[in-house]
Amino acid sequence: MNSSVTPHLAPKEHCTGCGACASGCPRGAIRMVPDREGFLYPEITESCVFCGHCSHICPALKSRELRPDPTVFAVWNEDDAVRSHSTAGGAFAAIAALVLESGGIVFGAAMDSNMRVVHTAIQNREELPRLMGAKLVQSDMGECFQQVRYYLDRGKYVFFTGTPCQVEGLYRYLGESPELLLTADVLCSGVPSPGVWSKMLEAMHYIKQRRVKAVQFCKKVSGSGSRFVVDFEGGGQYDAPLLKSDYGRGLFRGLFLRPSCYRCTCCNTNRVADLTMGFFRGLPADFRPEQQKKGVSMLLINTVKGAHVLDLVPLHREKRTLEEAVKGNPALSRCASSPQERAAFFDAFVSQPFQKVYQRFFAISDLSYGVANGGRLRKLLGRLKSGKKEKKS
């Protein structure tokens with residue numbers, strides 16, 4: 001490939017990593033590779049023939065059409081068992097179940113056997129729990145876009161869920177909005193680095209001397225906020241309030257979000273998908289307090305197709321205002337702010353052992369020690385600092 005002439009792709013700070021360019025390249029000349037921060041970016045290979053298709057379908061190089069304001073509903077699943085295993089009110093599970101029961105395919109983020117977050121397809125309700133619950137890591141799209149096209153071409157109904165930029169990437173890849181495709185984007189305030197998550201897994205493995213077998217980023221506990229729960233093979237568990245967990249503190253400081261997230265064009269009410277789903281924050285205290293304790297989903301109806309689907313699913317719904325939705329949910333009005341220490345964090349991340357990075361940027365205060373696991377985390381971090389390993393329990 002002539003290095004002096006390369007296809008025009010989005011500047012790195014605007015690239016969302018959706019993978020539309022790699023999936024759509026007719027020569028297979030683009031691959032997604034991780035950078036120093038652990039995020040995937042397109043890399044053009046020698047097979048490139050400069051056809052320009054990647055530039056044509058790149059969402060970051062296109063303007064999004066303006067849609068009418070969405071209609072807002074507070075919704076919840078009337079099956080308490082399903083709802084208890086959902087991050088919010090169980091809206092996704094209800095819609096996905098409807099699609100699966102009609103013989104359709106559902107795409108969403110799941111965790112593989114190595115605890116990587118990957119986009120995958122399911123075809124039956126038994127697999128649905130894999131896609132339920134928030135995954136607070138940017139997912140690897142793999143060949144999902146090609147798979148969506150494969151099923152659509154064979155007359156299958158497809159329900160695709162993802163971040164707004166992933167949904168937009170799919171539409172650009174397809175070049176149309178097929179009748180058999182239903183999409184839902186999630187309320188998103190930024191996607192964390194898969195590379196940082198991988199190092200966190202290694203650190204937890206080191207401390208426990210056991211492999212991680214399951215992760216719940218936002219486990220729902222009645223009467224309290226979300227909890228970050230990690231289960232290990234052979235027994236043992238890390239369980240802490242998400243905001244006070246090691247990972248949660250770095251996440252909610254915005255330390256390791258993708259650069260494009262700090263200038264996201266999707267943090268507004270001009271949504272990409274047919275539906276938008278998320279936790280409905282900011283509801284009045286006197287609005288169905290018993291339901292709020294169980295979790296209530298925000299559901300934005302962005303298209304006629306989305307409105308039709310809502311009429312079919314068994315969700316309790318109550319109409320709310322767009323102003324209320326925006327006020328309580330920042331992802332509908334502004335993107336994340338880049339913290340001053342982000343550059344220092346990643347400089348350390350690429351040049352120092354992760355234990356040192358962990359100690360410097362994920363330090364736990366005395367108050368947090370008392371809340372999280374009754375002080376057990378203080379002992380674990382002490383062993384980490386001293387180089388000692390925790391005894392198996």
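It should be noted that the structure appears before, not after, this text.
Residues numbered from 1 in each chain as written. Predicted model: local features only at pLDDT ≥ 70, side-chain atom pairs only at ≥ 80, totals over all residues. Heavy atoms only, no water.

**Let's talk about the environment of Leu 283**
Here comes step 1: Inspection of the secondary structure assignment puts Leu 283 in the loop between strand 11 (275–279) and helix 9 (289–294).
Here comes step 2: Each C-alpha atom, one on Leu 283 and one on Arg 320, is 9.3 Å from the other, the two residues being 37 residues apart in sequence.
Here comes step 3: Residues contacting Leu 283, with those up to four places away along its chain left out, are Gln 292, Val 296, Arg 320 and Glu 324. (Helix = DSSP H or I, 4+ residues; strand = E, 2+ residues; numbered from the N terminus. Contact = heavy atoms within 4.5 Å.)

**Examining unusual backbone geometry**
Here comes step 1: Despite not being glycine, Phe 50 shows a phi value in the positive range, around 60 degrees.
Here comes step 2: When you line up the elements, Phe 50 lands in the loop between strand 2 (40–44) and helix 2 (53–57).
Here comes step 3: Looking at Phe 50, the relative accessible area reads 38%, which means it is partly exposed.
Here comes step 4: Residues other than glycine seldom take positive phi values, yet Gln 209 does so here, at roughly 55 degrees.
Here comes step 5: With respect to the helices and strands, Gln 209 occurs in the loop between helix 7 (194–208) and strand 8 (212–219).
Here comes step 6: Its relative accessible area of 31% is what places Gln 209 among the partly exposed residues. (Buried < 20%, exposed > 50% of the residue type's maximum accessible area, 1.4 Å probe, protein only.)

**So, helix 5 (residues 144–153)**
Here comes step 1: All of the buried residues along helix 5 are Cys 144, Phe 145, Val 148, Tyr 151 and Leu 152. Angular distribution of buried residues about the axis of helix 5 spans 125 degrees; they occupy a single face of the element.
Here comes step 2: Tucked inside the fold, the buried residues of helix 5 contact helix 1 (20–24), strand 4 (105–111), strand 5 (117–122), strand 6 (158–162), helix 6 (164–174) and strand 7 (181–186).
Here comes step 3: At the C-terminal side of helix 5, Gly 155 shows a positive phi close to 80 degrees. (Arc of directions from axis to C-beta.)

**Examining the pattern of salt bridges**
Here comes step 1: Counted according to the given criterion, the structure contains 17 salt bridges.
Here comes step 2: A salt bridge links Lys 12 to Asp 35; the nearest nitrogen and oxygen atoms lie 3.1 Å apart. Here the residue Lys 12 occupies a position in the segment before helix 1, and Asp 35 occupies one in the loop between strand 1 (30–34) and strand 2, the gap between them amounting to 23 residues.
Here comes step 3: A salt bridge links Arg 64 to Glu 168; its shortest N-O distance comes to 3.3 Å. Taken together, the residues span a long stretch of sequence, with Arg 64 in the loop between helix 2 and strand 3 (71–77) and Glu 168 in helix 6 at a distance of 104 residues.
Here comes step 4: On the basis of relative accessibility, which here comes to 8%, the residue Glu 168 falls in the buried class.
Here comes step 5: Salt bridges sharing partners connect three or more residues here, namely Asp 112, Arg 116 and Asp 140. (Salt bridge = Lys/Arg side-chain N within 4 Å of Asp/Glu carboxyl O.)

**Overview of the packing of aromatic side chains**
Here comes step 1: By the definition in use, this model includes 25 aromatic pairs.
Here comes step 2: With centroids separated by 5.0 Å and ring planes inclined at 50 degrees, the aromatic side chains of Trp 197 and Phe 217 adopt a geometry described as tilted. Of this pair, Trp 197 sits in helix 7 while Phe 217 sits in strand 8; the two residues are 20 residues apart in sequence, bridging distant segments of the chain.
Here comes step 3: What makes Trp 197 buried here is its relative accessible area of 2%.
Here comes step 4: The ring of Tyr 41 has Arg 258 lying over it, and the distance from NZ or CZ to the ring centre is 4.2 Å.
Here comes step 5: Positioned above the aromatic ring of Phe 279 is the side chain of Arg 281, whose terminal nitrogen or guanidinium carbon lies 4.6 Å from the ring centre. (Phe/Tyr/Trp six-rings, centres within 6.5 Å; stacked < 30°, edge-to-face > 60°. Lys NZ or Arg CZ within 6 Å of the ring centre and 35° of its normal.)

**Points about the nonpolar core**
Here comes step 1: Ranked by internal contacts, the top residues of the largest apolar core, which has 43 residues, are Trp 197, Phe 217 and Tyr 247.
Here comes step 2: Listing elements by their share of this core, those giving two or more residues are strand 4, helix 7, strand 8, strand 9 (227–232), strand 10 (237–241), helix 8 (246–252), helix 12 (342–351) and helix 13 (354–361).
Here comes step 3: Broken down by element, the residue count for this core peaks at 6 residues, all from helix 7.
Here comes step 4: Within the second largest apolar cluster, 28 residues are counted, among which are Ala 91, Ala 93, Leu 275 and Leu 315. (Core = buried A, V, L, I, M, F, W, Y, C linked by side-chain atoms within 4.5 Å.)

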